Amino acid sequence: MTALRPADANDVERLVAWHADPEVSRYWDGETFTLAEMAERLAREDVEPWIVVEKDEPVGFLQVHREGLDMFLIPAARGHGLGPDAARAMAEHLVRERGRARVTVDPYAWNEGAVRAWERAGFVEVSRHEADDEHRASWILMEFRG
Ligand SMILES: CC(C)(COP(=O)(O)OP(=O)(O)OC[C@H]1O[C@@H](n2cnc3c(N)ncnc32)[C@H](O)[C@@H]1OP(=O)(O)O)[C@@H](O)C(=O)NCCC(=O)NCCS
């Protein structure tokens, strides 16, 4: 259903525009980015940025950090199983090809649609946590079990 390709400098404008949509930023702690900030983010060494592609069209963003994944799709692409498809493919790649011992996601507890999507991708709830330095509200730790 989906393909993944690394995000690069040619994606900076697209990603800035996507984050400027409140329907995207509200799932990303309200953050928006300038072109320069986005270029810097894409160049981070500890976070791998990927573009989710459906039928040759970019429809979302997935990033891989030390422990796990973050993802969003543009609003028009949601609700068709594309997110779970891309997340499962990346999680399997990380475990099988790169030997990662575990792959996690950390959705907010209020984001029930995302929790269901992560379950469809093969993640299961491990524990629940209160807000902390990296989370504005209570959140759920989920781990990929395939
Ligand atoms: C979470 C996300 C990546 C899942 O990908 P997806 O392809 O939409 O996943 P699914 O098709 O399995 O749908 C998952 C849920 O999205 C919700 N959904 C369905 N259509 C939707 C739409 N048009 N807009 C928003 N949410 C929608 C539903 O609650 C659905 O769950 P349900 O069918 O059990 O009710 C995607 O919905 C998204 O980008 N959401 C906003 C960003 C986000 O929450 N990211 C995750 C942060 S942890």
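For clarity, every value in this text was computed on a predicted model and none was experimentally measured.

1. Some remarks on the pairing of strand β2 (residues 48-54)
- Here strand β1 (residues 3-6) runs beside β2; their pairing, made up of 4 bridges, is antiparallel. Across the sheet, residue Pro6 finds its bridge partner in β2, namely Trp50.
- In the sheet, β2 pairs with strand β3 (residues 57-64) via 7 bridges, with the strands oriented antiparallel. Of the residues in β3, the one forming a bridge with Pro49 is Gln63.
- Counted along the chain from β2 to the antiparallel partner β3, the turn is 2 residues long, and its residue Lys55 has a positive phi close to 50 degrees.

2. Some points on the sheet that holds β3
- The strand order β1-β2-β3-β4 describes an open sheet built from 4 strands, whose pairing is antiparallel. Two strands lie at the open edges of the sheet, namely β1 and β4 (69-73), each paired on one side alone. Ignoring which end each strand starts from, the neighbouring axes of this sheet average 30 degrees apart.
- As paired elements, β3 and β4 share 5 bridges and run antiparallel to each other.

3. Comments concerning the packing of helix α1 (residues 12-20) against helix α3 (residues 35-42)
- Packing of α1 against α3 leaves a shortest axis separation of 9 Å and a crossing angle of 110 degrees. Taken together, the axis directions place α1 and α3 in an arrangement best described as roughly perpendicular. Of the two elements, α1 crosses α3, and the hand of that crossing is right-handed. Note on element contacts: α3 touches α1 through Leu35, Met38, Ala39 and Leu42, opposite Val12, Glu13, Leu15 and Val16.
- A per-class count over the contact of α1 with α3 returns 7 nonpolar, no polar and 1 charged.

4. Here we look at unusual backbone geometry
- Non-glycine residue Lys55 carries a positive phi angle of around 50 degrees.
- Structurally, Lys55 is set in the loop between β2 and β3.
- For Lys55, a count of 8 C-beta atoms within 10 Å translates into the label exposed.

5. Topic: the nonpolar core
- Grouped together as the largest cluster of nonpolar side chains are 29 residues, with contacts concentrated most on Val52, Phe61, Leu62, Leu69 and Ala87.
- What Phe61 contacts, discounting residues up to four positions off in sequence, is Ala7, Leu15, Trp18, Pro49, Ile51, Val52, Met71 and Phe72.

Quick notes on the rules
Residues numbered from 1 in each chain as written. Predicted model: local features only at pLDDT ≥ 70, side-chain atom pairs only at ≥ 80, totals over all residues. Pairing = 2+ DSSP bridges. Helix = DSSP H or I, 4+ residues; strand = E, 2+ residues; numbered from the N terminus. Axes fitted to C-alpha atoms, helices over the stretch in contact; angles between N-to-C directions. Parallel < 35°, antiparallel > 145°, perpendicular 65-115°, else oblique. Left-handed = near helix turned anticlockwise from the far one by under 90°. Contact = placed C-beta atoms within 7 Å. Nonpolar A, V, L, I, M, F, W, Y, C, P; charged D, E, K, R; others polar. Buried ≥ 20, exposed ≤ 12 C-beta atoms within 10 Å, placed from the backbone. Core = buried A, V, L, I, M, F, W, Y, C linked by C-beta atoms within 7 Å.

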